[in-house]
Number of protein chains: 2
Amino acid sequence: MSEIAIIGAGMMGSALAWPLADNGHGVRLVGTHLDGGIIRSCIEDRYHPRLRRRLPDGVRPYYVEQIAKALEGVDLIVSGVNSLGVHWLGRALAPLLWPGATIIAVTKGLEAGPDGELRILPDVLAGELPAPLRDQVTMAAIAGPCIAGELAGRRHSCVVFTSRRPAALKRLRAAFATSYYHVWLSTDIVGVESCAALKNAYALGVGMASGMLASAGGPDEAGAAMHNAAAALFAQSAVEMGRLVALLGGGPENVASLPGVGDQYVTCTGGRSIRLGQLLGRGLSYSQAVAEMAGETLESAYVIAQLATALPRLEERKLLRHGELPLLWVLCQVIAAGAPAKVLFDDFFRDSRLGLR
Amino acid sequence: MSEIAIIGAGMMGSALAWPLADNGHGVRLVGTHLDGGIIRSCIEDRYHPRLRRRLPDGVRPYYVEQIAKALEGVDLIVSGVNSLGVHWLGRALAPLLWPGATIIAVTKGLEAGPDGELRILPDVLAGELPAPLRDQVTMAAIAGPCIAGELAGRRHSCVVFTSRRPAALKRLRAAFATSYYHVWLSTDIVGVESCAALKNAYALGVGMASGMLASAGGPDEAGAAMHNAAAALFAQSAVEMGRLVALLGGGPENVASLPGVGDQYVTCTGGRSIRLGQLLGRGLSYSQAVAEMAGETLESAYVIAQLATALPRLEERKLLRHGELPLLWVLCQVIAAGAPAKVLFDDFFRDSRLGLR
């Protein structure tokens, strides 16, 4: 049995305490600066207010100020911060890590560099560590369809653990997997992590369909909604994800599997990405939609903003043809340029390699 | 402007009258033996009771007994029959067709032959035509995510027309495409049509998750449902569809696009395949579930029954490895052998070519 620290007491990070505790590990749940209220509730009542559940036995809550103490003697670190917290976490961990440490992250996102290169977040986090330590720390990540509240409810959840180091993956699976938390392994960290990030961006796109429906007055007198439009957006998402994953150097076979359409499917059943898409599809500008969703972490918008920075550079470098990713282009215009959401279906499925003309 | 006959006045066949009429074509809507009540309502009140809409001008309804008259001088035939009606339609058309005729079908399914070979339905229909005529008739088909009621409501719908003959495809698109009915073309009729059939089978599998939820007493006290399980089933469906499409000789790139996950996504938003899956996931046997859905056409079950016939033959012929399609195997057991639905998630994603271990 191990001692494991989870940094970030949001829903997904915290939910991982359930399989870990069920496997008999000691779990130290460390809030970030944003999680003070959650940690207080966890200490006082053993109750996680966002997951709406009592913590399992064996989980000990820590405030962010106690991070050094929380990491003392742990065997494994789980990063549960959101994409805006990755640099902070890397800097916070830098003085506390040791050679041979392993970090597994649930954070989803991509970060654009000056030449349009898109980095996966485990590499961004590692980039904050001092060079001599960096190569001695194993970075891993979790992707695949997993609503946190269902994991904490011990519902069947199927996920992918990914790392460039296969031996670490086997140890991680042994630590986490239970009868309800099913874990597959992949060494294609770029393929898996780019799917995880992109499905948030594209779920926003799928969500626009129900916003378009609301803006058209809802279902008509015979009950016709806009599921066909949502499905076309879903399909175009899969096509564009395949193109982008390949561009980033990952395996496109991830798309038609758990990290790609599997995760996108569950994301499209609800949640913030879909709600933001609905608001935009109804005709709100991005700033109006953000105001409606005040205070929420909008990972879908953050990753689209990064893609909006990268896309023009990738086109300049001839790595992408203009018009090759028409749905992502719309999303970038909406999020980064404040344009109204306008879907041109006839621009879709033009990639001749896919056989549709 | 053409004269076009639609045979089969069910929802999907009939819905195609909307884009055709909007394009100025004369449409003859011919009921089958099952559609007498629909045609009577269409004649008396210009009202389609299943689509719950008045027919567009330019659509003329015909009873099945008038089929010969309805086909006189038409430029194009649309098959709107269900998969159980394909042989009937082929035999009914045999004496009425002419060299150069074109038939485009919305029917979804596969038919197993004695050696486990799986034929797409346009080929099954053509097989009922006399040999000299067969090669002079162009077979085409429509796939992709399209709820009929939404098409008749003139909602954006994105579909694929497929045929082995590219010139025919261009003429067909010109006849059907409108500002809301977006049509792409593919000559990979086996790839597109096998996706169309398989997504019905696999949507039943995805539907089992909400049945499992109901059987577990519904969402728990913190609201945890079983969307993670549904998403894993969706992802495994995509993996298995890719394997099967390739086995049948189609292009697996259809899966992560409109004919595959796009169509499956819309099928999973509701409808008969999902409802049947829910009943089975709740623990009903197939015969109990059929009784609950009395009188409904269950395309998902029909195609699974065909696959249940084919699978053992394909394994004997070493074209498939036993255990390679674990979700389809469960579906076949449930539908063809009356077994209870039992999903073993740990059997999923085992195909090493896909990179997950």
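The structure displayed is predicted, hence computed values, not measured ones.

What counts, and at which threshold
Residues numbered from 1 in each chain as written. Chains lettered and ligands numbered in written order. Predicted model: local features only at pLDDT ≥ 70, side-chain atom pairs only at ≥ 80, totals over all residues. Heavy atoms only, no water. Helix = DSSP H or I, 4+ residues; strand = E, 2+ residues; numbered from the N terminus. Contact = heavy atoms within 4.5 Å. Buried < 20%, exposed > 50% of the residue type's maximum accessible area, 1.4 Å probe, protein only. Pairing = 2+ DSSP bridges. Right-handed = clockwise from strand over helix to strand, strands pointing away. Salt bridge = Lys/Arg side-chain N within 4 Å of Asp/Glu carboxyl O. Axes fitted to C-alpha atoms, helices over the stretch in contact; angles between N-to-C directions. Disulfide = S-S within 2.5 Å. Left-handed = near helix turned anticlockwise from the far one by under 90°. Least-squares fit on C-alpha atoms with pLDDT ≥ 70 in both. Buried area = accessible area lost by both parts, 1.4 Å probe. Polar contact = N/O pair within 3.5 Å; in protein donor to acceptor, adjacent residues only side chain to side chain. Phe/Tyr/Trp six-rings, centres within 6.5 Å; stacked < 30°, edge-to-face > 60°. Expected span 1.5 Å × (residues − 1). pLDDT = per-residue confidence, 0-100.

Draft legend 1. Summary view of the side chain of A:D35. Mapped onto the elements of the fold, A:D35 is located in the loop between strand 2 (26–30) and helix 3 (36–45). In this structure, A:D35 is in contact with A:G8, A:A9 and A:G10, ignoring residues within four places of it in sequence.

Draft legend 2. Expanded view of the pairing of strand 7 (residues 102–105) of chain A. Residues and elements named next belong to chain A. Of the two faces of strand 7, both are covered, the one formed by T102 and I104 as well as the one formed by I103 and A105. Taken together, the three bridges between strand 6 (residues 76–79) and strand 7 define a ladder with parallel strand orientation. Bridged to S79 within strand 7 is A105. Between strand 6 and its parallel partner strand 7, the chain crosses via helix 5 (residues 86–93), and the hand of that crossover is right-handed. In terms of strand pairing, strand 7 meets strand 10 (residues 138–143) through four bridges, oriented parallel. When the sheet's bridge partners are listed, A105 is paired in strand 10 with A141.

Draft legend 3. Representation of the pattern of salt bridges in the model. Residues and elements named next belong to chain B. Evaluated as defined, the whole model comprises 24 salt bridges over all chains. Two residues, E296 and R275, come together in a salt bridge whose shortest N-O distance is 2.6 Å. Here the residue E296 occupies a position in the loop between helix 14 (286–292) and helix 15 (299–316), and R275 occupies one in helix 13 (residues 272–281), the gap between them amounting to 21 residues. Among the residues examined, E296 registers a relative accessible area of 30% and is labelled partly exposed.

Draft legend 4. Representation of the sheet that holds strand 12 (residues 181–186) of chain A in the model. All names here are of chain A. Taken together, the eight strands give an open sheet; going across it, the order is 5-2-1-6-7-10-11-12, and neighbouring strands pair in mixed fashion. Edge strands, defined here as strands with exactly one partner in the open sheet, are strand 5 (59–62) and strand 12. Between one strand and the next, the sheet's axes are offset by a mean angle of 25°, whatever the strand orientation. Its contacts with the sheet put helix 3 on strand 2 and strand 5, and the angle it makes with strand 5 is roughly 135°. Helix 9 (residues 166–176) rests against strand 6, strand 7, strand 10, strand 11 (157–163) and strand 12 of the sheet, and its axis sits at about 175° to strand 12.

Draft legend 5. Structural detail: the state of the cysteines. By the definition in use, this model includes zero disulfides over all chains. Here B:C158 is not cross-linked by a disulfide; its sulfur's nearest cysteine counterpart is in B:C146, at 9.3 Å. Just so you know, B:C268 is unpaired, no disulfide at all, and the nearest cysteine sulfur is the one on A:C268, 12 Å from it.

Draft legend 6. Here's a closer look at the packing of helix 15 of chain B against helix 16 (residues 326–336) of chain B. Residue and element names in this part refer to chain B. Look at helix 15 against helix 16: their axes get within 9 Å of each other, and the N-to-C directions meet at 115°. Seen from above, helix 15 lies across helix 16 with left-handed handedness. Of the residues in helix 16, those touching helix 15 at A301, I304, A305, L307, A308, L311 and E315 are L328, W329, L331, C332, I335 and A336.

Draft legend 7. Summary view of the relation of the copies chain B and chain A. Expressed as a screw transformation, the operator carrying chain B onto chain A has a rotation angle of 180° and an axial translation of 0.0 Å, and the superposed copies differ by an RMSD of 0.0 Å. Between the two chains, the operation in question is that of a two-fold axis. Every residue of chain B has its C-alpha some distance from the rotation axis, and the shortest such distance is that of B:A256, at 2.8 Å. Both copies share a contact surface, since 100% of the interface residues of chain B are interface residues in chain A too.

Draft legend 8. Representation of the interface of chain B and chain A in the model. On the side of chain A, 62 residues touch chain B, which itself brings 62 residues to the contact. Where chain B abuts chain A, roughly 4900 Å² becomes buried across the two surfaces, and 59% of that area is made up of carbon and sulfur atoms. On the chain B side of the interface with chain A, the three residues burying the most area are B:R155, B:N228 and B:Y265, jointly 16% of the side's total. For the interface between chain B and chain A, the tally reads four salt bridges. B:E221 is the salt-bridge partner of A:R53, the closest N and O atoms lying 3.6 Å from each other. Counting across the interface, chain B meets chain A through 22 residue pairs in polar contact (both at pLDDT 80 or more).

Draft legend 9. Geometry of the packing of aromatic side chains. Per the counting criterion, the structure on display carries 14 aromatic pairs over all chains. With a centroid separation of 5.9 Å and an interplanar angle of 90°, the aromatic rings of A:F348 and A:F349 are classed as edge-to-face. Like A:F348, the residue A:F349 is buried in the burial classification. Ring geometry for A:F349 against B:W184: centres 5.0 Å apart, planes inclined by 80°, an arrangement best described as edge-to-face. Of this pair, A:F349 sits in the segment after helix 16 (326–336) while B:W184 sits in strand 12 (residues 181–186), which puts the two residues in different chains. As far as the burial class goes, A:F349 and B:W184 line up, both buried. By the ring-pair criterion, three or more aromatic residues cluster together here, those being A:W184, B:F345, B:F348 and B:F349.

Draft legend 10. Region of the structure containing helix 11 (residues 227–248) of chain A. Residue and element names in this part refer to chain A. The end-to-end C-alpha distance of helix 11, which contains 22 residues, comes to 31 Å, matching closely the 32 Å that a straight helix rising 1.5 Å per residue would cover. Buried residues dominate helix 11, accounting for 19 of its 22 residues. Just downstream of helix 11, G249 is the residue with a positive phi angle, here 100°.

Draft legend 11. A look at the confidence of the model for chain A. This prediction gives chain A a mean pLDDT of 96; 99% of its residues lie at or above 70. In the model output, the complex is listed with pTM 0.97 alongside ipTM 0.97.

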